[in-house]
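Structural description and commentary
Listed here are the chains, written in short residue letters.
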Amino acid sequence: MKYPSQAVSKLYFTAAIGLFGAQILFGLIMGLQYVIGDFLFPLIPFNVARMVHTNLLIVWLLFGFMGAGYYLIPEESERELYSPKLAKLLFWVFLVAGALTILGYLLVPYAELARLTGNDLLATMGREFLEQPLPTKVGIVIVALGFLFNLTMTVLGGRKTSISLVMMLGLWGLAIFFLFSFINPDNLVKDKFWWWWVVHLWVEGVWELILGAMLAFVLIKVTGVDREVIEKWLYVIVAFTLMSGIIGTGHHYFWIGTPEYWQVWGSVFSAIEPIPFFMMTVFAFNMVNRRKREHPNKVATLWAMGTGVMAFLGAGVWGFLHTLAPVNYYTHGSQITAAHGHMAFYGAYAMVVMTMISYTMPIMRGREANSNKAQVVEMWAFWLMTVAMVFITLFLTAAGILQVWLQRVSETPMSFMATQDQVAMFYWLREASGVMFLIGFVLYVASFFIKGETKAA
């Protein structure tokens, strides 16, 4: 580890892993509630489990991005972090606020939680993924501003690189677009219009810049390929990401009451959106094939290559499958959407955070890489989680196709609940795959505690 202040990343990565585990557990609870409707009711109703599951996803990824920023930016800037104390303070503020919010979801009826937290003053609650109470949203903004101030001052006082600038552009974009979560018009069409400015322009916009910067950073370290080569790839990927992702927001505007031209614009630019993910896959494999060194951390390289492949499949292929307006007319809001969401989030964002953790955690613990024994266990974790996610995606896709046929295409369409009974087998298979994913996650955590011969950093 070049700079002692990079060690603050360990706090963020540790919290990210813990919250990821909690997200998986709530995913398994929801999976059972799909087939056993009263499982854990009324202790944890389905709507609460879903809210906790999705909010944990967002929070643990944000912890991962912040940890990556605190490690990557000082090294790219060739100087210590501007204020390690501020980074530690913001960590505890964010962690406590997040924990209290989740406890609020679990222990207080949502309507009562809204009343207690000032939703009458500024109504921001009740929207999918943005269910956080007003104080939590304000806290997120404060933490984000403190975080960005810390990193921006670090960049301004040191070396500027393409990787650090793309990372900062993505992080600033993340903070700016979150501000649209405070816009909550009474008109439902306008509400959904602005809602997507957070949800879509995060995951199919600025988050992709963060993904590209993190992937480029790790590939430089593990392959030894010239920085100039990797940065050229990064520029092209960023250009295609922004060109397709911004106007591609239109594929969410098909059926919410916006002008008809969005069906054309949304379809055309959504068809382009898989290109940057395909480029990331080619980028990762090309850099590994051209490597100038054999880095001892082989499992970090595996995670990096897996990120490219799974991001392309989940975000690119599965996104394209149902993003054109004539197809989306039938598939909108079906389990096909859930299939795309699961593989896309895992492939593009969960895997790149785990790539970063895999590369940096051994270094922050005083060695260049974990022992061979530990890496073998982590590789098992990689394959178990990745294969499990492929199965989850395939089973949800099969459920979605059958759902669309029975509920929306058939000459004698079935009701929603009757259709759910017909696809229950796929939900059971999805749950079994989720258990497999949990086993992989446990192995991933265990790998960091396995001792053996290590090479000092």
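Structural notes, computed from the coordinates. These numbers were taken from a predicted model, which means no experiment stands behind them.

**As for unusual backbone geometry**
Cis geometry marks the peptide bond from Phe41 to Pro42, where omega comes out at 5 degrees. Despite not being glycine, Phe129 has its phi angle at roughly 75 degrees, a positive value. Following the sequence through the fold, Phe129 ends up in the loop between helix H4 (110-116) and helix H5 (134-156). Classification of Phe129 as partly exposed rests on a relative accessible area of 22%.

**A look at the pattern of salt bridges**
Taken as a whole, this structure holds 11 salt bridges when the rule is applied. Close ionic contact of Lys221 with Glu75 constitutes a salt bridge, the shortest N to O distance being 2.8 Å. Remark: Glu75 occurs in helix H2 (residues 46-77) and Lys221 occurs in helix H7 (residues 188-223); sequence separation between them is 146 residues. Neither residue differs from the other here; Lys221 and Glu75 are each classed as buried. A salt bridge links Asp226 to Lys292, with the shortest nitrogen-to-oxygen separation between them at 2.9 Å. Taken together, the residues Asp226 in the loop between H7 and helix H8 (227-247) and Lys292 in the loop between helix H10 (274-289) and helix H11 (298-321) connect sequence positions 66 residues apart. If you follow the salt bridges from partner to partner, you end up with Glu76, Arg227 and Glu231 in one network.

**Details of H11**
Compared with the 34 Å implied by 1.5 Å per residue over 24 residues, the 33 Å span of H11 between its first and last C-alpha is a close match. Residue Leu313 marks the point of greatest curvature in H11, where the axis turns by about 25 degrees. In terms of burial, H11 is largely enclosed, as 17 of its 24 residues are buried.

**A look at empty space enclosed by the protein**
Scanning the model with the defined rule gives one cavity of 30 Å³ or more in all. By volume, the largest cavity amounts to about 70 Å³. Considering the residues around the largest cavity, the lining is formed by Ile58, Val59, Leu62, Phe94, Phe129, Leu130, Gln132, Ile140, Phe178 and Trp202. Top element by residues in the lining of the largest cavity is H2. It accounts for three residues.

**Here we look at the nonpolar core**
With 135 residues, the main nonpolar core has Phe65, Trp202, Trp207, Leu219 and Tyr346 as its most contacted residues. With sequence-adjacent residues up to four places away left out, Phe65 is seen in contact with Phe147, Met167, Leu171, Leu174, Trp207, Ile210, Met214, Tyr349 and Val353. Membership of the second largest hydrophobic core comes to five residues, among which are Ala399, Val423, Phe426 and Tyr427.

**Some remarks on the packing of aromatic side chains**
When we look at a pair of aromatic rings, we describe it by the centre distance and by the angle of the planes. Evaluation of the coordinates by the stated rule reveals 47 aromatic pairs. Ring centres of Tyr34 and Phe46 lie 5.4 Å apart, and the angle between their planes is 85 degrees; this geometry places the pair in the edge-to-face category. Separated by 12 residues along the polypeptide, Tyr34 in helix H1 (residues 9-35) and Phe46 in helix H2 bring together distant segments of the chain. According to the relative accessible area criterion, Phe46 is partly exposed, its value standing at 33%. Considering the side-chain rings of Phe63 and Phe94, the 4.6 Å spacing of their centres and the 25 degrees angle between planes classify their relative orientation as stacked. You can see Phe63 sitting in helix H2 and its partner Phe94 sitting in helix H3 (residues 84-107), a full 31 residues away along the chain. When sorted by exposure, Phe63 lands in the same class as Phe94, which is buried.

**Quick look at the side chain of Ser433**
Among the secondary structure elements, Ser433 is positioned in helix H16 (residues 424-447). Owing to a relative accessible area of 5%, Ser433 belongs among the buried residues under this scheme. Among all residues touching Ser433, those that are not within four sequence positions of it are Ala388, Phe391, Ile392 and Phe395.

Analysis parameters
- Residues numbered from 1 in each chain as written.
- Predicted model: local features only at pLDDT ≥ 70, side-chain atom pairs only at ≥ 80, totals over all residues.
- Heavy atoms only, no water.
- Helix = DSSP H or I, 4+ residues; strand = E, 2+ residues; numbered from the N terminus.
- Buried < 20%, exposed > 50% of the residue type's maximum accessible area, 1.4 Å probe, protein only.
- Salt bridge = Lys/Arg side-chain N within 4 Å of Asp/Glu carboxyl O.
- Expected span 1.5 Å × (residues − 1).
- Bend = angle between axes of the 7 residues up to and from the residue.
- 1 Å grid on protein atoms, 1.4 Å probe; cavity = no way out; pocket = protein on both sides within 12 Å on 5 of 7 lines; lining within 4 Å.
- Points joined across faces, edges and corners; volume = space filled by probe spheres on them.
- Core = buried A, V, L, I, M, F, W, Y, C linked by side-chain atoms within 4.5 Å.
- Contact = heavy atoms within 4.5 Å.
- Phe/Tyr/Trp six-rings, centres within 6.5 Å; stacked < 30°, edge-to-face > 60°.

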